[in-house]
Amino acid sequence: MSDATANGANGAANAAGNTGRGAAARLSVLKTYKLFVGGKFPRSESGRVYEVADSKGNWLANAPLSSRKDARDAVVAARKAFPGWSGATAYNRGQILYRVAEMLEGRREQFTAEVAAAEGLSKTRAAARVDAAVDRWVWYAGWSDKVAQIAGAANPVAGPYFNLSTPGPTGIVAVLAPDTSSFLGLVSVIAPVIVTGNTAVVVASERAPLPALSLGEVLATSDLPGGVVNILSGRTAEIAAPLAAHQDVNAIDLAGADAALAKELETAAADNLKRVLRPQAGTDWAADPGTERLLAFLETKTVWHPMGV
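A. Structural context of the overall build of the chain. When helices and strands are tallied, the chain shows eleven helices and ten strands. Over its C-alpha atoms, taken along the principal directions, the chain stretches across nearly 90 × 40 × 35 Å. Evaluated residue by residue, the chain yields a buried proportion of 45% over its 309 residues. Total accessible area computed for the chain in this model is approximately 15000 Å², and 54% of it derives from carbon and sulfur atoms. Of the side-chain charges in the chain, 30 are positive and 29 negative, and the distance between the mean point of each set is 3 Å.

If you want it as structure tokens, here you go:
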């Protein structure tokens, strides 16, 4: 018997003995958080972790400290998933996102506890943030088969042709989750990216990554294909740099970057003409999101078709 097995057996025996004596003590079952890449839960390639604390500085958990290799693996997974996800019907993508919302609703208490600890909120206020995040996910899910109505057009031309413009996904989008809103902000940057057919590599909030890592568990057990969303935790600057410079990443959302880091990443992103959504200071993630993020990572395809005689 290994030392770990023996220790576990002894702990279980002690717990059973305490229960028999009427004691209320239990073994502490600490959660092990992992990355979410390609629909699976790997540990960081580096083997490193870092301590995550609540708003008062109390230890909550150890989170994986992602490396550059983890970032590259996530891009590979996102590219592999892109053809299938972008080729799915808009209706199908909307149904899958709605299924995710159903599962988030079912784990409401867990996310409420994680948000309360991360943001220093009362249980009531944290629950309101979680409810708003679920509602926002549903709101974006509803846009899946409607975004073409506001982003597409039938263009007048001088000639016997139909000229139609339709929106399509950009490709792989690197997303830096906001540091100030651990769950509502997270949903607000992920959902608009994937509902339009893009795939995402998400860098969780460095300070409060646990809601993002738990979201990976929800996505893994929904109908979302593996690789559509990949979630990394760790030092934002360390992970974002290789993503911004990666030749197979098509766009980047800098919501979670400060001014200095955003400037550095914009420079790196210019090397392969990535689309860049710049961070906006003081963003109120509880406000009406509008359609800015929904339209930010779309390409327009224009088709000419001759009219019948």
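B. Quick peek at the nonpolar core. Judged by nonpolar contacts, the single largest core of 62 residues is most densely connected at Trp137 and Ile194. Considering every element that reaches this core, the biggest residue donor is helix H7 (residues 184-195), with nine residues. Excluding anything up to four places from it in sequence, Ile194 contacts Trp85, Arg93, Leu97, Trp137, Ala200, Leu224, Val228 and Val229. Val37, Val201, Ile239 and Leu243 belong to the second-largest nonpolar core, a separate cluster that totals 25 residues.

C. Structural context of the sheet that holds strand S7 (residues 229-232). The strand order across the open sheet built from five strands is S7-S6-S5-S8-S9, with neighbouring strands paired in parallel fashion. The open sheet has two free edges, formed respectively by S7 and strand S9 (275-277), since each of these has just one partner strand. For this sheet, the mean angle separating the axes of adjacent strands, direction not counted, is 15°. Bridge count between strand S8 (residues 251-253) and S9: three bridges; the pairing is parallel. When the sheet's bridge partners are listed, Ala251 is paired in S9 with Arg275. Strands strand S5 (172-176), strand S6 (199-203), S7 and S8 of the sheet are contacted by helix H9 (residues 236-245), whose axis makes an angle of about 150° with S6.

D. Local environment of the packing of aromatic side chains. If you walk through the whole model with that rule in mind, you get five aromatic pairs. Relative to Tyr140, the ring of Trp139 lies with its centre 5.0 Å away and its plane at 75°, an arrangement referred to as edge-to-face. On the basis of relative accessibility, which here comes to 33%, the residue Trp139 falls in the partly exposed class. On the basis of relative accessible area, Tyr140 is assigned to the buried category, the value being 1%.

E. Geometry of a nonpolar patch on the surface. The grouping of Phe162, Leu164 and Met307 at the surface amounts to a nonpolar patch, some 280 Å² of accessible area in total. Along the chain, Leu164 falls in strand S4 (residues 161-169). Its relative accessible area of 41% is what places Leu164 among the partly exposed residues.

F. Spotlight on the sheet that holds strand S10 (residues 298-306). Sheet architecture is open: three strands sit in the order S3-S4-S10, paired in antiparallel fashion. One side of each edge strand has no neighbouring strand; the edge strands of this open sheet are strand S3 (153-154) and S10.

Cut-offs and rules
Residues numbered from 1 in each chain as written. Predicted model: local features only at pLDDT ≥ 70, side-chain atom pairs only at ≥ 80, totals over all residues. Heavy atoms only, no water. Helix = DSSP H or I, 4+ residues; strand = E, 2+ residues; numbered from the N terminus. Buried < 20%, exposed > 50% of the residue type's maximum accessible area, 1.4 Å probe, protein only. Areas by Shrake-Rupley, 256 points an atom, 1.4 Å probe, with all protein chains shown as cover. Lys, Arg positive; Asp, Glu negative; His and termini not counted. Charge placed at Lys NZ, Arg CZ, Asp CG, Glu CD. Core = buried A, V, L, I, M, F, W, Y, C linked by side-chain atoms within 4.5 Å. Contact = heavy atoms within 4.5 Å. Pairing = 2+ DSSP bridges. Axes fitted to C-alpha atoms, helices over the stretch in contact; angles between N-to-C directions. Phe/Tyr/Trp six-rings, centres within 6.5 Å; stacked < 30°, edge-to-face > 60°. Patch = residues over 30% accessible without salt bridge, like charges linked within 9 Å, V, L, I, M, F, W, Y side chains within 5 Å. Salt bridge = Lys/Arg side-chain N within 4 Å of Asp/Glu carboxyl O.

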